[in-house]
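In case you want the letters, here they are:
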Amino acid sequence: MDRNRKWVPGFGAVLLTLLSHMTSALEVPLDLPQPPTIILQSPKDYIFDPRENIVIHCEAKGKPHPSFSWTRNGTHFDVEKDSKVLMKPGSGTLVIDISSERAEAYEGTYQCIANNEHGTAVSDSIVIRQSRSPLWSKERNEAIMVQKGVSLVLQCRPPAGLPPPVIFWMDNNFQKLPLDKRVSQALNGDLYFSNVLPEDTRSDYICYARFPHTQTIQQKQPISVTVLDSSPEGERRPGFMLPLGTTSTKMVLRGQTLELECIAEGLPTPDISWQKEGGELPSNRVSYHNFKKTLKISDVNENDAGNYRCVATNNLGTIHHTIKVTVKAAPFWVSIPRNLILAPNETGVLTCRVNGEPKPRIDWFVNGIPIENTPEDPSRKVEDDTVILSNVQSGSSAVYQCNASNEFGYLLANAFVSVLAEPPRVLTPPNQVYQVITNSPALLHCASFGSPIPTITWFKDSQISIRNTDPYVIHENGTLEINVAQPLNSGKYTCIATNNLGIKENHVFLEVKEPTRILKQPEYKVVQRGMSAVFECKVKHDPSLIPTMTWLKDRGELPDDERFEVDADSLTIRDVTDDDKGTYTCIMNTTLDQDSASAMLTVVEKPDPPTDLELTDQTERSVQLTWTPGDENNSPIEKFVIQYGDLLHQPGVWTNLTEVPGTSTTAQLHLSPYVYYSFRVLAKNRVGYSEPSQSSRQYRTNPAAPDENPSGVQGVGTEPGNLVISWTPLTGLQSNGPGLEYKVQWRQKDVEKEWSAQNVANVSQWVVSGTPTYVPYEIKVQAFNDYGVGPEPEVAIGYSGEDLPLSAPESIQVMVHNSTLAEVHWEPISPPSVRGKLQGYKVYYRRKHGLHETEEETDQEMQVLTFSGNRSEGRLPGLQPYSVYSLSIRVLNNKGEGPSSQSKTFETPEGVPGPPSFLNVINPGLDSLTLEWGPPINNNGRLTGYILKYQPVNNTSELGPVQFMTFLANETTITLSNLNSSMLYKFYLSAKTNKGSGPIITEEAFTVMHTSESCPTEPPHPTSPITQSLHSPFHKAPPVGRAFGTVNTSVSEDSAVISWEYFGHHKNVYVEYIVENSKEEWKKEFANGSHSHTIKGLKPGTSYRVKVIAKDAADPTVHSTDEMLVTVPAVASRQVDIATQGWFIGLMCAIALLILVLLIVCFIKRNKGGKYPVKEKEDAHQDPEIQPMKEDDGTFGEYSDTEDHKPLKGSRTPSNGTVRRDESDDSLVDYGEGGDGQFNEDGSFIGQYSGKKEKDTHEGNESSEAPSPVNAMNSFV
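Residues numbered from 1 in each chain as written. Predicted model: local features only at pLDDT ≥ 70, side-chain atom pairs only at ≥ 80, totals over all residues. Heavy atoms only, no water.

Per an unreviewed UniProt entry, the chain is named Neuronal cell adhesion molecule a, and its organism is Oreochromis niloticus. Under the heading Subcellular location (unreviewed entry), UniProt records this for the chain: "Cell membrane". The UniProt entry for the chain carries the following comment under Sequence similarities (unreviewed entry): "Belongs to the immunoglobulin superfamily. L1/neurofascin/NgCAM family." (UniProt positions renumbered as here; feature names shortened; annotations may be inferred.)

In terms of regular secondary structure, the chain is built from 7 helices and 100 strands. For the chain, with 1277 residues in total, the buried portion stands at 43%. In the chain, the proportion of contacts linking residues at least 24 apart, taken out of those at least 6 apart, comes to 66%. Carbon and sulfur atoms make up 50% of the accessible area of the chain, which amounts to about 67600 Å² in all. (Helix = DSSP H or I, 4+ residues; strand = E, 2+ residues; numbered from the N terminus. Buried < 20%, exposed > 50% of the residue type's maximum accessible area, 1.4 Å probe, protein only. Contact = heavy atoms within 4.5 Å. Areas by Shrake-Rupley, 256 points an atom, 1.4 Å probe, with all protein chains shown as cover.)

Next up on the list: the environment of Pro35. Following the sequence through the fold, Pro35 ends up in strand E3 (residues 34-41). Those residues in contact with Pro35, other than ones at most four positions away along the chain, are Lys61, Gly62, Asn116, His118, Gly119, Ser397, Ala398, Val399, Phe416, Val417 and Ser418.

It is worth spelling out the UniProt feature "transmembrane region" (unreviewed entry) in the chain at this point. The UniProt record marks residues 1143-1164 with the feature "transmembrane region" (unreviewed entry), using the residue numbering of this structure. End-to-end, the C-alpha atoms of residues 1143-1164 are 32 Å apart, and along that stretch the chain is 100% helix and 0% strand.

This part covers the sheet that holds strand E57 (residues 570-573). Pairing between the strands of a sheet comes from backbone hydrogen bonds, and it takes one of two forms, parallel or antiparallel. Within the open sheet, the 3 strands sit side by side as E52-E57-E56. Their pairing is antiparallel. In the strand order of this sheet, the two ends are held by strand E52 (533-536) and strand E56 (564-566), each with one partner. Adjacent strand axes in the sheet meet at a mean angle of 15° when their direction is disregarded. Bridge count between E52 and E57: 4 bridges; the pairing is antiparallel. Along E57, the bridge assignment pairs Val534 with Thr572. (Pairing = 2+ DSSP bridges. Axes fitted to C-alpha atoms, helices over the stretch in contact; angles between N-to-C directions.)

Take the state of the cysteines next. In this structure the tally under the stated criterion is 6 disulfides. Here Cys58 pairs with Cys112 through a disulfide, and the sulfurs are 2.0 Å apart. Here Cys58 and Cys112 share a disulfide; its torsion about the S-S bond, -75°, makes the bridge left-handed. Here Cys58, found in strand E6 (residues 58-63), pairs with Cys112, found in strand E11 (residues 108-116); they are 54 residues apart in sequence, far enough to count as distant. With a sulfur-sulfur separation of 1.9 Å, Cys262 is cross-linked through a disulfide to Cys310. Here the disulfide of Cys262 and Cys310 is left-handed, its torsion about the S-S bond being about -75°. One end of the pair, Cys262, is in the loop between strand E24 (258-261) and strand E25 (263-267); the other, Cys310, is in strand E29 (residues 306-314), and 48 residues separate them in sequence. Here the two residues Cys262 and Cys310 agree in accessibility, since each one is buried. (Disulfide = S-S within 2.5 Å.)

Of the strand pairs in this sheet, strand E60 (residues 611-616) and strand E61 (residues 622-628) are connected by 4 bridges, and their pairing is antiparallel. Bridging from a neighbouring strand, Thr616 pairs with Gln624 of E61. Taking the residues between adjacent antiparallel strands as the criterion, E60 and E61 are bridged by 5 residues, where Asp617 takes a positive phi near 50°.

Pairing is antiparallel in the open sheet, where 4 strands are placed in the order E63-E62-E65-E66. For this open sheet the edge positions go to strand E63 (650-661) and strand E66 (699-700), each flanked by a neighbour on one side alone. As judged from the 2 bridges shared by strand E65 (residues 676-684) and E66, these two strands associate in the antiparallel manner. Bridge assignment links Tyr676 to a residue of E66, and that residue is Arg700.

Under the counting rule described, the total for this entry stands at 43 salt bridges. For Arg182, the salt bridge goes to Asp200, with nearest N and O atoms at 2.6 Å. A residue pair is termed long-range when its members are at least 10 positions apart, and Arg182 in the loop between strand E16 (166-170) and strand E17 (183-185) and Asp200 in the loop between strand E18 (191-193) and strand E19 (202-211) qualify at 18 residues. Like Arg182, the residue Asp200 is buried in the burial classification. (Salt bridge = Lys/Arg side-chain N within 4 Å of Asp/Glu carboxyl O.)

In this fold, Asn499 is placed in strand E48 (residues 491-499). Side-chain polar atoms of Asn499 contact the backbone oxygen of Pro452, separated by 2.8 Å. With residues up to four places along the chain from it excluded, the contact list for Asn499 reads Glu422, Pro423, Pro424, Gly450, Ser451, Pro452, Ile453 and Pro454. (Polar contact = N/O pair within 3.5 Å; in protein donor to acceptor, adjacent residues only side chain to side chain.)

Before going further, it helps to spend a moment on unusual backbone geometry. Each neighbour pair has its own omega, and for Leu242 with Pro243 the value is -10°, a cis peptide bond. Here Pro243 is to be found in the loop between strand E22 (236-242) and strand E23 (247-253). Between Leu267 and Pro268 the backbone carries a cis peptide bond, its omega angle lying at 0°. Topologically, Pro268 is positioned in the loop between E25 and strand E26 (271-276). At Asp617, a position not held by glycine, the phi torsion is positive, near 50°. Note that Asp617 resides in the loop between E60 and E61. Positive phi is not limited to glycine here, since Tyr674 has a value of about 60°.

A separate point is the nonpolar core. In this structure, Ile54, Ile56, Trp70, Ile96, Tyr110 and Ile128 are the most contacted members of the largest nonpolar core, which totals 30 residues. Of all the elements in the fold, those that place two or more residues in this core are strand E4 (45-48), strand E5 (54-56), E6, strand E7 (67-72), strand E10 (94-96), E11 and strand E13 (126-130). If one sorts the elements of this core by residue count, E11 sits on top with 3 residues. Beyond its immediate stretch of four places on either side in the chain, Ile56 contacts Ser42, Tyr46, Trp70, Gly92, Thr93, Leu94, Ile96, Tyr110, Ile126 and Ile128. (Core = buried A, V, L, I, M, F, W, Y, C linked by side-chain atoms within 4.5 Å.)

Before going further, it helps to spend a moment on the packing of aromatic side chains. Evaluated as defined, the whole model comprises 19 aromatic pairs. Ring geometry for Phe168 against Tyr208: centres 5.9 Å apart, planes inclined by 10°, an arrangement best described as stacked. In this pair, Phe168 is assigned in strand E16 and Tyr208 in strand E19, connecting sequence segments 40 residues apart. Ring geometry for Trp826 and Phe867: centres 6.1 Å apart, planes at 45°, overall tilted. Of this pair, Trp826 sits in strand E76 (residues 822-827) while Phe867 sits in strand E78 (residues 863-868); the two residues are 41 residues apart in sequence, bridging distant segments of the chain. Take Trp826 and Phe867: they sit in the same class, and that class is buried. Every member of this aromatic cluster is reached through a ring pair, and the members are Phe168, Phe174 and Tyr208. Looking at Lys780, its charged tip hangs above the ring of Trp755, at a distance of 4.4 Å from the centre. In this structure, Arg890 is placed above the aromatic ring of Tyr844, and the distance from its NZ or CZ to the ring centre is 5.9 Å. (Phe/Tyr/Trp six-rings, centres within 6.5 Å; stacked < 30°, edge-to-face > 60°. Lys NZ or Arg CZ within 6 Å of the ring centre and 35° of its normal.)

Turning to its location among the elements, Thr479 is positioned in the loop between strand E46 (472-474) and strand E47 (480-482). In contact with Thr479, other than residues within four places in its own chain, are Leu443, Leu444, His445, Cys446, Val473 and Ile474.

Attention now goes to the environment of Glu557. By secondary structure assignment, the location of Glu557 is in strand E55 (residues 556-557). In this structure the C-alpha to C-alpha distance between Glu557 and Tyr584, which are 27 residues apart in sequence, comes to 9.9 Å.

This part is about the confidence of the model for the chain. Averaged over every residue, the pLDDT of the chain is 83; residues scoring 70 or more account for 85%. Counted against residues more than four places away or in other chains, residues 1-25, with its pLDDT under 50, gives 75 contacts. Throughout residues 1169-1277 the model reports pLDDT below 50, and contacts reaching past four residues in sequence, or to other chains, amount to 123 contacts. (pLDDT = per-residue confidence, 0-100.)

Next up on the list: the pairing of strand E67 (residues 711-716). With 4 bridges joining them, E67 and strand E68 (residues 722-728) adopt antiparallel strand pairing. Each residue of the ladder has a partner; that of Gln714, found in E68, is Ser726.

Secondary-structure assignment places Glu632 in the loop between E61 and strand E62 (639-646). In this structure the C-alpha to C-alpha distance between Glu632 and Val604, which are 28 residues apart in sequence, comes to 8.2 Å. Excluding residues within four positions of it along the chain, Glu632 makes contact with Glu605, Pro607, Ile637 and Asn685.

Another point: a nonpolar patch on the surface. There is a patch of nonpolar side chains on the surface, built from Leu1153, Leu1156, Val1157, Ile1160, Val1161 and Ile1164 and spanning about 490 Å² of accessible area. Note on placement: Leu1153 falls in helix H4 (residues 1142-1167). Judged by its relative accessible area of 54%, Leu1153 falls in the exposed class. (Patch = residues over 30% accessible without salt bridge, like charges linked within 9 Å, V, L, I, M, F, W, Y side chains within 5 Å.)

Shown next as structure tokens:
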């Protein structure tokens, strides 16, 4: 509901109220008192079907719920008195049962009234009318006879129905009559002929009227039309049949559809066009119908008034008709009155602004009573279309009605005024969560109610006050709009509704989500039939939203076919068929948005074979072939290939004849004579070739003389004195006829004038004998058959057979450039001596011996160099220095080599020597190494000595300073001293002559390492020499041979420490280990560039195989130590021996010390004459065996220094007189057996002692022994 109000000091501020008043929609909660509001009613014009009940709707709301009553034709309609009328409970809706009554009795104007204690609302006046479909009046139609070419109108004039019927013309077979621009149906239903033709003659022109409400069809009597051709009407200018005259008028109401109609007669049939004088037709609302004879303009407004001109034109002239259109208007709303909720003493305004043509009259009502008939109210003022209510008071609620009317209709609106004093309440549910997509608008609602109208304020995250500025917009109804929501806008929003009666707040939450986007769209696919098509559709979406992927085909669901497989981000179509072509769309939906993308699938296949081959335009040498292309299967045909078969010469073989573009369906074929042709066509597209078409009918060409001669004619001698003439024979297709033969002709060039000739058949060569050696011949071969000879052949040049050359080169000279290169020159032989085609010269040369040698070497192989063509010099590379060579030369042709030239000897100068033959390191010591070497295999001169260089290599493969040494030629060993122990050295050795040093050989070796308990797993050893250039730049020497030295191991209860010496250059060193006799894979641990590593987590009592390896990814060489067996010792028992614990030993020492102190104190007291408690106890017991203390010496009677080894009283002594040792002889029990032994209060030991006495049968061996501190100490253990 909407409400208009503003606080004002009094009625004098009404103008201010009108200027500043804002309209906002307020929904009054139904738990608050309020006047009735009509929420549902029937249309103003209600046409009912008499076969059904009449239902007149009227629903209203209010607090308390309103009661309902009705008026009919302006008077009260007592519903309860009519048994046929039922009002629905709680509603004002009437249901009238007319099944057994005359429906006309209930026609009339009805109005619903809804009332409660706060006011009365009324509905529109609803006119109830019965639908009618009256019968056609009976009439007899006269037959119409008309001359050809004249115009004709067949009138329909249906009976008036309610609502008006729909008109159409049909024949007796219920077939609609065809309409065109010559024959058309007017808006009133009449049938117009601009000119009649003989085919218009028929006797069943029937007009039908269909009545929509009753769904009945009425039929007019048939009309008979006969078109005569006895006196036909000639051509004429157009003339209007409808409307008549040159001008007419038309009135239309605003908002309705304007229909203008012009039907013209004439011969030929005129064309109709439309214009608006002084303006343009509204293109967005205009449409043409009935072959442009009807102009329609929808939703007419005042601007559509004016003069419209329709123009009829044929080739004889033009005529026009002007229709003057006026636009009237039933009342329409400009500002509809809205409900007012006012607090006491507030002022409000009801506005009822309408427009229309003519200007509507406005009448105000209060609770359904004309306002002028209601009691005077000083707070109310009526000013035409406005009611001003000032300083309203409680109890003044009412419903106001505004009625605006003119001659074309009326408008009625209810607006209640409710006076309430109500604190704010927020109608939007609390803690509502709004979810939007980034960059889309967000609307956070705060629907509220209160009287006075609450003021709405917004806060974000309970702190930030939101103002009505970008990006926020606060609407009058309290809704907060964020034009373009961003993730930073997410959070908690609080709206606060405030008026002078209270305050109310509500919290809502906004979550701005990432948009759903298709990252990889499906792509256009061209797939061959039977293959698979895969459309990918990869999507990104907000992770908190649940996505749903949907695939569509041609905007519909995918076929229910197992060939279609939908995965998370793809659609796969297997075994594609032609029906699968179309547009596939992937749609990713979330609860907030969606994204989609489409791609087409085109199913292609090889073309279907062409059909309907036809031969036309046949001549001796050509024919035209035409065909019909087969289906290209969605892939354009690129070309057609025409093949032919020759049933005469090559039956069953098809050969390509020509190709034409894919747009052609004909080909002009060039043919050969004497061929039995049949043709077929293949089509090709991007998929491949079609199957061949059916072959055409056979076409034979007549024989003729050959069109060409054999190709590839040549003459070559194979032996001295012959010439072999050969050629490529013609094919059967080239023969052009039967009896193919060849005429072979030859003559010696520039010698013979006449041609020698020979006819041959079925061969491809001819041998001419008795020719001179290697002379040129002119040759030609001509084809002929039974129908003539071929064209004049071309002349080819050939040569007769060759023979071996006759002479050898002379004047041989050798120029030596350096120790390895010489250049030889000779004089070429004359061409006749070659006796063939000169191929070149062969130079044979061999090393005889070195210059320092006297005997010739016999094992040197002869070397050969061939110099092609007519040469007179050549170079001999790769010679051995300081040597004697001999050479000879032969000439070469296709037949072979000629005689050898005289031998020529030359010498090469001295050069640098080769590398020493070997370099070994022997007898390694702690600080010395002995080297021995051998002389070069090739000295290449006089050997003058050797150069030795060496340098140390540390653990990181870095080279130390270089040392130089030179030796004489006869020195081949040296011992190097003062070297570092356990060090790798690298040696470089080269030999030298007067020309310089030769290439080096290298060797590496270790000096002896210090003695260690560990065993070296990879002792250094000499390696084979490596020859390399001395000048090769290097900084680190790669290890040669074994690179690991000594390896040490030590173990603890769960780990092992491995240490080693490594002299290689690899950076990555690993320790590998495995349980002995285990089949598991070796475990590997990286040593991190150090020379020791601890393996942790080993099992006690287990043996492991361990090795150290070195390798790099860039170097395939792997160095490894030998495997070592490491045994982890078993862990001893974890039970604690208390006797070995420090705390216990300390305690026992303290106790022993205390006892010793006590004993000393006792002895001191005794020596001083003090009484010892033992005497008192002896007196008390009166034991006869206890002797009294000897007073003469002051000692205890039972203690004897001389009997220290006698057992104490109470001990068990065996009969043999020995003391039992099966029990501990130092326990406290032994000292106090029988319960007599005890400690006194000061902790000293008191026992029963017996002195020396006579032995009896029971105690013969008893003795007393004073306890020593040691025994006392042991008794606690």
